[in-house]
Amino acid sequence: MDKPLLELENVSTGYGIIPVLHGINLSVGKGDIYALLGPNGGGKSTILKVCSRQIDPWAGSVKVAGRSIEGIAAEDLAKAGVCTIPEGKGIFPNLTVEENLIMMTHACQSLQAIQSVTFERFPQLGNKRNQLAGTLSGGEQQMLSMSRALSTNPKLLLLDELSMGLAPIIVKDLYGIVSQLAEEGIGVLVVEQFARTVLGVATRAGILINGKIISEGSPAELEDQLSDAYLGTKGNV
Amino acid sequence: MTELITFTVVGLAIGSIYSIASVGLVVTYTTSGIFNFAHGAIGMFAAFIYWQLRWDSAWGGEWPAPIALAFVLLIVSPSLGILLQAIVMKGLEGTSETTKLVIPIAVMLAFIGITNWVWQDFESRIPEPFFGRDSKWELGDAFITTHQTIVVVVAVFLAILLKVLLTSTRIGITMRAVVDNQDLVRLNGSNPNASALLSWIIGSALAGLAGILISPLLGSLNVLALTLLVVNAYAAAIFGRLKNLPLTFLGGIAIGLAVSYWNWVSGTGRKWPWLSELRATIPVLILFAILIVLPQERLRGAAIKKHREVFTTPTMKSSILWGIAFVVIISGLTPMLETKWEFSLSKGIGFSIIALSMVLLTGYAGEINLAPLAFAGIGALSAYQFDVGSTVETGAGFATLSTLLALLFAFLVLSAFGFKRKKLWVLSVSIALATLLLVTIFDDTTGTGIASRESMSISGILVATLISGIAGALVALPALRLRGLYLGLATFAFAIFVDKMVYKQRQTLSLDIPFFGDGEDITFNIFNNGALNMPRPDFFGINFKSNQSAMLILLAISFTLIALFLIRLKRSTYGRQLSAMKDSPAASATLGLNMLRLKLSVFTLAAAIAGFGGALHASNLRAIQEDAPFTVFEGLGLFMLTVVGGIGYVSGALIGGILYGTAFIVMGDFWAKLSTDWNSFNWLFTFVHDFFLFLGPAVAGIGLGRNPNGIASQIFDGFRVLGQRESRRVLTIMITIITSVWILRVSNLIDGWTFLLLSLPILLISTLIADKRSNLEEAETRNWELLGINTEISMEDEAFLDQMLDLGSYKSQQISKVDRDE
């Protein structure tokens, strides 16, 4: 097996003086969908922020495709093919749909390519291309943000709370796209609170509690531990 | 017809300049989220540089117009934009609304300061229009100058260019995306700083262009007039709701036309003397009107910010102790200060009292008010008119007026304090009656001719407080639904309105109060000749006229009493309601808080405090002028320095007021003294002196305005150890030593410098000693709150925590209960 697309070694970080992550080890290979689960405040989104260079690790190293990303600007990492869809809709509400697509061209794709991929996959966005993105429905907004993952040919996809505030049927649809992308050879790290949906498509999963990954394994293995983790009966020991 | 064409062309030209300026403002706002108060000042600065290059005889001068234009617009203004973005504005994302207002205000004051510094002498600098004054062409019977034509064409061209840039190019779209979400722009693969930089470059270049274009229309270059003129662009920018460029452009034109047509109709203000200054206020009236008509902003919840302000409220006990200490220190200083220094200090405390109104309104209630000194000015003016200025047939008119005002005031404030129906009425009426009694019996206004009193009376101050309080309510009434920047702009408009329409008003007003006397009861001249001689008070058997020490102590006591009242207020239900409204209007609304009543009352109270402070402050100064000390720019400076001091603390108001009224002037004096003593270093000391005088406040604002908690909290944190129980012995020793040094000073055994050199180190050393002692004790006790953050909690730790939380007995009870159950 070649080098994993994303590799975290003993990463610790936090905000200000408050530590959040304690020694995270994690790796995502080609075609993997790694689901990071766990209750609120565990540090799931923080892991994504470290991976996308929005915050610096205090200790440990983050490697993308075998190379350390220390000191690289977030925008350069994005250009290099790490696509991050942040929590909440990853769109610009005061720009139109079309202008949102133009913003995606910063990741070195032509507008035509982006438009054709997006409107083919989500025809309803094509009808609303001149509408302000903030006025789209929640599902459509998430589609618009997912279209960045679809159309900019990333090598690594980092997804934060894809299901937040969406109807189950849309969530299912979106995860369909995620697994399709993984089949094409993209590595995916997805953070979810809403665990059952993502376990259906994930290839590996980890449970993150209080800044530590307390268990890791195949989705089936983890399913049993989930309720313990969420209800906190084991987690805090 | 000829007139119509002429005035239309004039309006179009000036409107086009407003449009250019406001479009620049909108570009920086939409791309950085910062409302650039310095926009007008940048234009003013550019106009001065352009004048220097083109016409100055000493340096520069004689540059050909195209080269000078290119130099200013393509090199100077863009560099200013780059500097602003790189040094000042970059760190403002995610900071509080107050900070986002204060930093640009500081930048504006910096530009005004630099310009006043560089172009110091009062030489008249007259810029020429493009192609000279005689270059014009004919349209019908009217003449249109080439300058006007160029202005209109350039404005239209620029508007189209910017529209294309912002909507059809990727860099333009990125500039707008940066406002929505900077982090997301990064995740999309673009550097947000680059696009923000571009927008500041464009914004400054447009401001510079507007400044250069407008300066020939004004005659001689004037720093404040030029800065304020571009302020008119604010109205246009708001007309476009700070984002719509075509509407902004139209708004600018409309304002230009409105001003020009008003000039036509009113014969340049000559027709109606009362409204002679209206043409300067039309844009701000439009600004106020648009703000009010704009669709209501949705109530928002608490926003998540990078920098949180944390204002703790001191306990009542420690506040009273601090208050007493403050008055004692000020009284102790009086025997050793020269009258000149006493006057400087009392000036600072006067401003501090006015700054307290901002602590209540902005610090406690989160409502931004950029017109604190307008209310203070109204207060000072009312006190003057009540005691000195007016000719009165019968004092009953005044008595009626003050009773009614008191009734309204009490009703507004008490209803927000939670009084209802019968209780509310009974209380309000009794307060009104008490006012009537005070004004008529104790202060003798029923007789004839109370005017031309030679001193300020208690009822004069009372009436000043009431009138400015009600004025505050009147301003707040339309502005009730505004918040943040929009409220700031509305109050700013009000301040300019007061500047122009009240301070510049030379008309005589006669009132006939029904049922009393015959004919006109009260006659007064609103702002007589642009200067009023304020009387000093003369009550409690003390004559404040010649006794500056007494005046200083009076101001200090007034400050302390109002400050204590505010702290008490903050700790009451009312204060908690204010905090709730500040933190999350949405949550407060869902809890059933009547925010209209709350806002109205807090505006009334704050304006009343400002009015009270204004009356006392003006009385201390002995005179007020139309251009000092209550103008809009001074108000902005005071607001800025109060934020620097810490707008959530009464001590912040004290620091802000003293910085504004005393510190920079005293520092300037200090360096001026040095420069006369040490002639060889004259240039250096003069430079430092000028620096403090022109740029001191602005530099303080830029440097310290970012800390949302202000410097008051830092200072007080430093001295906090002295208040602790353990350091009581150190405190007693310190006070004893300082008092003995003070006695030595008062009995003239040592001089002022020795006093300073002895007492300051004692203060610092004792603080250090107390700090050491408390640190030693702290080291002995474990920081049990922090257990388990870095490491796992062991069994031993758990037992320790149980012991600290007194859970041991509880746990054993539980266990024994379980045992029994089994």
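Residues numbered from 1 in each chain as written. Chains lettered and ligands numbered in written order. Predicted model: local features only at pLDDT ≥ 70, side-chain atom pairs only at ≥ 80, totals over all residues. Heavy atoms only, no water.

Caption draft 1: How the structure looks around the overall build of chain B. Counting secondary structure elements, chain B contains 30 helices and seven strands. Every one of the 822 residues in chain B was classed for burial, and the buried ones make up 53%. For chain B, long-range pairs separated by at least 24 residues make up 76% of all intrachain contacts whose partners lie at least 6 apart in sequence. Carbon together with sulfur atoms contributes 65% to the accessible area of chain B, which is approximately 36900 Å² in total. (Helix = DSSP H or I, 4+ residues; strand = E, 2+ residues; numbered from the N terminus. Buried < 20%, exposed > 50% of the residue type's maximum accessible area, 1.4 Å probe, protein only. Contact = heavy atoms within 4.5 Å. Areas by Shrake-Rupley, 256 points an atom, 1.4 Å probe, with all protein chains shown as cover.)

Caption draft 2: Spotlight on the sheet that holds strand S8 (residues 187–192) of chain A. Residue and element names in this part refer to chain A. Across the sheet, six strands lie side by side as S6-S7-S8-S3-S9-S10; this open sheet has mixed pairing. Each edge of the open sheet carries a strand with a single partner, namely strand S6 (82–85) and strand S10 (212–217). Recorded for the sheet is a direction-independent mean angle of 15 degrees between the axes of neighbouring strands. Running over the sheet, helix H1 (residues 44–51) touches strand S3 (33–37), strand S7 (156–160), S8 and strand S9 (204–209) and is turned about 150 degrees from S8. The sheet strands contacting helix H7 (residues 168–183) are S3, S7 and S8, and the helix crosses S8 at an angle near 155 degrees. (Pairing = 2+ DSSP bridges. Axes fitted to C-alpha atoms, helices over the stretch in contact; angles between N-to-C directions.)

Caption draft 3: How the structure looks around the sheet that holds strand S1 (residues 6–15) of chain A. Residues and elements named next belong to chain A. The strand order across the open sheet formed by four strands is S2-S1-S4-S5, and the pairing between neighbours is antiparallel. A strand with exactly one partner marks an edge of an open sheet, and here the two such strands are strand S2 (18–28) and strand S5 (67–68). Where strand S4 (residues 59–64) meets S5, two bridges bridge the pair, whose relative direction is antiparallel. The residue bridging Lys63 from the neighbouring strand is Ser68, located in S5. Sitting on the sheet, H1 touches S1, S2 and S4, and the angle it makes with S1 is about 115 degrees.

Caption draft 4: Fine view of unusual backbone geometry. In this structure, Asn10 of chain A takes a positive phi of about 50 degrees despite not being glycine. Tracing the backbone through its elements, the reader meets Asn10 of chain A in strand S1.

Caption draft 5: Structural detail: helix H10 (residues 245–266) of chain B. Across its 22 residues, H10 of chain B extends 32 Å between first and last C-alpha, which sits within 8% of the 32 Å expected from 1.5 Å per residue. Gly267 of chain B lies just past H10 of chain B and shows a positive phi near 60 degrees. (Expected span 1.5 Å × (residues − 1).)

Caption draft 6: Focus on the domain arrangement of chain A. Residues and elements named next belong to chain A. Domain boundaries in chain A define domain 1 (1–81 + 155–166 + 183–237) and domain 2 (83–153). For domain 1 and domain 2, the distance between their C-alpha centres works out to 24 Å. Listed as interface residues are 15 residues of domain 1 and, on the opposing side, 16 residues of domain 2. Taken together, both faces of the contact between domain 1 and domain 2 bury some 1200 Å²; the carbon and sulfur share is 57%. Together, Lys79, Met164 and Leu166 form the three largest contributors to the area buried by domain 1 at its contact with domain 2, with a combined 31%. The interface formed by domain 1 and domain 2 includes zero salt bridges. The tally of links between domain 1 and domain 2 comes to seven residue pairs in polar contact (both at pLDDT 80 or more). A per-element tally of the side of domain 1 that touches domain 2 places S7 first, with five residues. (Domains from an automatic or database assignment. Buried area = accessible area lost by both parts, 1.4 Å probe. Salt bridge = Lys/Arg side-chain N within 4 Å of Asp/Glu carboxyl O. Polar contact = N/O pair within 3.5 Å; in protein donor to acceptor, adjacent residues only side chain to side chain.)

Caption draft 7: Focus on the interface of chain B and chain A. If you look at the interface, chain B gives 20 residues, while chain A gives 25 residues. With both chains or domains summed, chain B and chain A bury close to 2100 Å², and 57% of this area falls on carbon and sulfur atoms. Counting the surface chain B buries against chain A, the share from its top three residues, Arg170, Leu187 and Asn188 of chain B, is 33%. At the junction of chain B and chain A, the tally comes to two salt bridges. With a shortest N-O distance of 3.0 Å, Glu99 of chain A and Arg176 of chain B are connected by a salt bridge. For the pair chain B and chain A, the number of links is eight residue pairs in polar contact (both at pLDDT 80 or more). For the side of chain B that touches chain A, the secondary-structure elements that each account for two or more residues are helix H6 (170–180) and helix H7 (182–187) of chain B. The element that contributes the greatest number of residues to the side of chain B that touches chain A is H6 of chain B, accounting for six residues. The class makeup of the residues in the side of chain B that touches chain A is six nonpolar, eight polar and six charged. (Nonpolar A, V, L, I, M, F, W, Y, C, P; charged D, E, K, R; others polar.)

Caption draft 8: Representation of the environment of Glu726 of chain B in the model. By the secondary structure assignment, Glu726 of chain B is in the loop between helix H26 (710–723) and helix H27 (728–746). You can call Glu726 of chain B partly exposed: its relative accessible area is 35%.

Caption draft 9: How the structure looks around the pattern of salt bridges. Residues and elements named next belong to chain B. Under the definition given, this model contains eight salt bridges over all chains. Lys504 serves as the salt-bridge partner of Glu626, at 3.1 Å between the closest nitrogen and oxygen. With Glu626 in the loop between strand S7 (623–625) and helix H23 (632–645) and Lys504 in the loop between helix H18 (484–502) and strand S4 (508–511), the pair connects residues that are 122 residues apart, well separated along the chain. Among the residues examined, Lys504 registers a relative accessible area of 30% and is labelled partly exposed.

Caption draft 10: Just the packing of helix H13 (residues 339–364) of chain B against helix H22 (residues 595–621) of chain B, in detail. Residue and element names in this part refer to chain B. The contact between H13 and H22 brings their axes to 7 Å, and the two run at 170 degrees. The angle between H13 and H22 falls in the class roughly antiparallel. Along the lines of polarity and charge, the residues of the contact of H13 with H22 split into 16 nonpolar, seven polar and one charged. (Parallel < 35°, antiparallel > 145°, perpendicular 65-115°, else oblique.)

Caption draft 11: Spatial organisation of the confidence of the model for chain B. All names here are of chain B. Model confidence for chain B is summarised by a mean pLDDT of 81, while 89% of its residues fall at 70 or above. The weakest mean pLDDT in chain B belongs to helix H30 (residues 808–821) at 51; the strongest belongs to helix H19 (residues 548–570) at 93. Note on residues 446–451: pLDDT is under 50 here. Beyond four places in sequence and across chains, it has 20 contacts. Interface scoring of the predicted complex returns ipTM 0.89; its pTM is 0.83. (pLDDT = per-residue confidence, 0-100.)

Caption draft 12: Layout of the packing of aromatic side chains. Residue and element names in this part refer to chain B. Counting across every chain of the model gives 17 aromatic pairs over all chains. Measuring from ring centre to ring centre gives 5.1 Å for Phe48 and Trp119, while their planes differ by 45 degrees; the resulting arrangement is tilted. One end of the pair, Phe48, is in helix H2 (residues 39–55); the other, Trp119, is in the loop between helix H4 (97–118) and strand S1 (136–139), and 71 residues separate them in sequence. One exposure class covers both Phe48 and Trp119, and it is buried. Each member of the aromatic cluster is reached from another via a ring pair, and the members are Tyr29, Phe35, Phe37, Tyr234 and Phe492. Above the plane of the ring of Trp51 lies Arg125, whose end atom (NZ or CZ) is 5.3 Å from the centre. (Phe/Tyr/Trp six-rings, centres within 6.5 Å; stacked < 30°, edge-to-face > 60°. Lys NZ or Arg CZ within 6 Å of the ring centre and 35° of its normal.)

Caption draft 13: Layout of the side chain of Gln85 of chain B. All names here are of chain B. Mapped onto the elements, Gln85 comes out in helix H3 (residues 65–89). The buried category is assigned to Gln85, whose relative accessible area is 5%. A distance of 3.2 Å separates the side chain of Gln85 from the side chain of Trp200, its partner in a polar contact. Those residues in contact with Gln85 that lie beyond four places of it in its chain are Lys90, Asn193, Ala196, Leu197 and Trp200.

Caption draft 14: How the structure looks around the packing of H4 of chain B against helix H25 (residues 682–704) of chain B. All names here are of chain B. Across the interface, H4 lies against H25 with an axial gap of 6 Å and an inter-helix angle of 165 degrees. Of the possible angle classes, the one that applies to H4 and H25 is roughly antiparallel. Along this stretch, H4 crosses H25, giving a crossing that reads as left-handed. Between H4 and H25, the residues in contact are Ile103, Ala106, Val107, Leu109, Ala110, Gly113, Ile114, Asn116 and Trp117 and Phe687, Asp690, Phe691, Phe694, Leu695, Ala698, Gly701 and Ile702, respectively. Per-class residue counts for the contact of H4 with H25 are 13 nonpolar, three polar and one charged. (Left-handed = near helix turned anticlockwise from the far one by under 90°.)

Caption draft 15: Molecular detail of helix H6 (residues 138–151) of chain A. Residue and element names in this part refer to chain A. When the terminal C-alpha atoms of H6 are compared, their 20 Å separation across 14 residues agrees well with the 20 Å that a helix rising 1.5 Å per residue should span. Across the 14 residues of H6, 13 count as buried, placing the element largely inside the fold. Downstream of H6 by a residue or two, Asn153 has a phi angle that is positive, lying close to 50 degrees.

Caption draft 16: Molecular detail of the pairing of S7 of chain A. Residues and elements named next belong to chain A. Summarising burial for S7: five of the five residues are buried, a large majority. Alternating residues of S7 divide into Leu156, Leu158 and Asp160 and Leu157 and Leu159, and every residue in both groups is buried. Both S6 and S7 contribute to a ladder of four bridges, which runs parallel. Among the inter-strand pairings, Ile85 is bridged to a residue of S7, identified as Leu159. With five bridges joining them, S7 and S8 adopt parallel strand pairing. Following the sheet pairing, Leu159 is matched in S8 by Val190. In this fold, the crossover linking S7 to S8 by way of H7 has right-handed handedness. (Right-handed = clockwise from strand over helix to strand, strands pointing away.)

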